[in-house]
Amino acid sequence: MSTPTIGVLALQGDVREHLTALAEADALARPVRRPEELEELDGLVIPGGESTTMSKLAVAFGMLEPLRAFVRAGKPVYGTCAGMIMVADKLLDAREDQETLGGIDMIVRRNAFGRQNESFEAAVEVAGIPGGPVEGVFIRAPWVESVGAAADVLATYGGHTVAVRQGNVLATSFHPELTGDHRIHAFFVDMVRTAA
């Protein structure tokens, strides 16, 4: 497969930036809002945004169970920031009714790096990404409190886990799509090609 089709969940969040980054990484990128659109995809990105809102909209649009089925089927999924929260098996500091898709055996703490006005950028070394550190944009970012045996920690920052992979599911606390450096998206596109 030379050009995989990768969707970006377009219920809420920074969809356009991911579409651009995926296109730059040689994928056919398209926004996804309806369950039937998942059937056309080789992989899916769950963008940053507000995880509680995203969870509620996934329920309202009838997307929650189809998204869970997509993950369970082993299709590649990449979650950034709120997307990391969405692919976590367990959450801390979340509303009791907040739904996740699961996919990575990890416990994620929402807004762990602070509020909006405490957002920052930092160089992050990510295992498997050649060419030196990537610039991570942390906006009300979560961090990973702990991971299970099946999950691999790919990056830490300030003593906290900020990038994890388990099988075909990848997650970062930060937003690589906002930097113009598309190496993590290229890494994910390669994951999608390998899975196909």
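For the structure, see preceding data.
Residues numbered from 1 in each chain as written. Predicted model: local features only at pLDDT ≥ 70, side-chain atom pairs only at ≥ 80, totals over all residues. Heavy atoms only, no water.

**Student:** Sorry if this is basic, but what is going on with the pairing of strand β2 (residues 28-32) here?
**Tutor:** Across a regular strand the side chains alternate sides, sitting on one face of the sheet and then on the other. Where strand β1 (residues 5-9) meets β2, five bridges bridge the pair, whose relative direction is parallel. Residue pairing for β2: T5 is matched across the bridge by L28. Following the backbone out of β1, through helix α1 (residues 15-24) and into the adjacent parallel β2, one traces a crossover that is right-handed. (Pairing = 2+ DSSP bridges. Helix = DSSP H or I, 4+ residues; strand = E, 2+ residues; numbered from the N terminus. Right-handed = clockwise from strand over helix to strand, strands pointing away.)

**Student:** Mind showing me how you'd approach the environment of H185 here?
**Tutor:** Mapped onto the fold, H185 is located in helix α5 (residues 183-195). Along the backbone, H185 and A23 are 162 residues apart, and their C-alpha atoms lie at a distance of 9.3 Å. Not counting chain neighbours up to four residues away, the residues in contact with H185 comprise H18, A21, L22, A25, Y78, P176 and E177. (Contact = heavy atoms within 4.5 Å.)

**Student:** Can you walk me through the packing of aromatic side chains in this structure?
**Tutor:** Here the distance between the centres and the angle between the planes together describe a pair of aromatic rings. According to the stated counting rule, one finds nine aromatic pairs in the structure shown. Taking the centre distance of 5.0 Å and the plane angle of 85° together, the rings of F113 and W143 count as edge-to-face. Residue F113 is located in the loop between β6 (104-109) and β7 (120-124), and its partner W143 is located in strand β9 (residues 143-147); the two are separated by 30 residues in the primary sequence. Residue class for F113 comes out buried when judged on its relative accessible area of 16%. Relative accessible area serves as the criterion here: at 15%, W143 is assigned to the buried category. Taken together through their ring pairs, the aromatic side chains of F113, F120, F138, W143, Y157 and F174 make up a single cluster. (Phe/Tyr/Trp six-rings, centres within 6.5 Å; stacked < 30°, edge-to-face > 60°. Buried < 20%, exposed > 50% of the residue type's maximum accessible area, 1.4 Å probe, protein only.)

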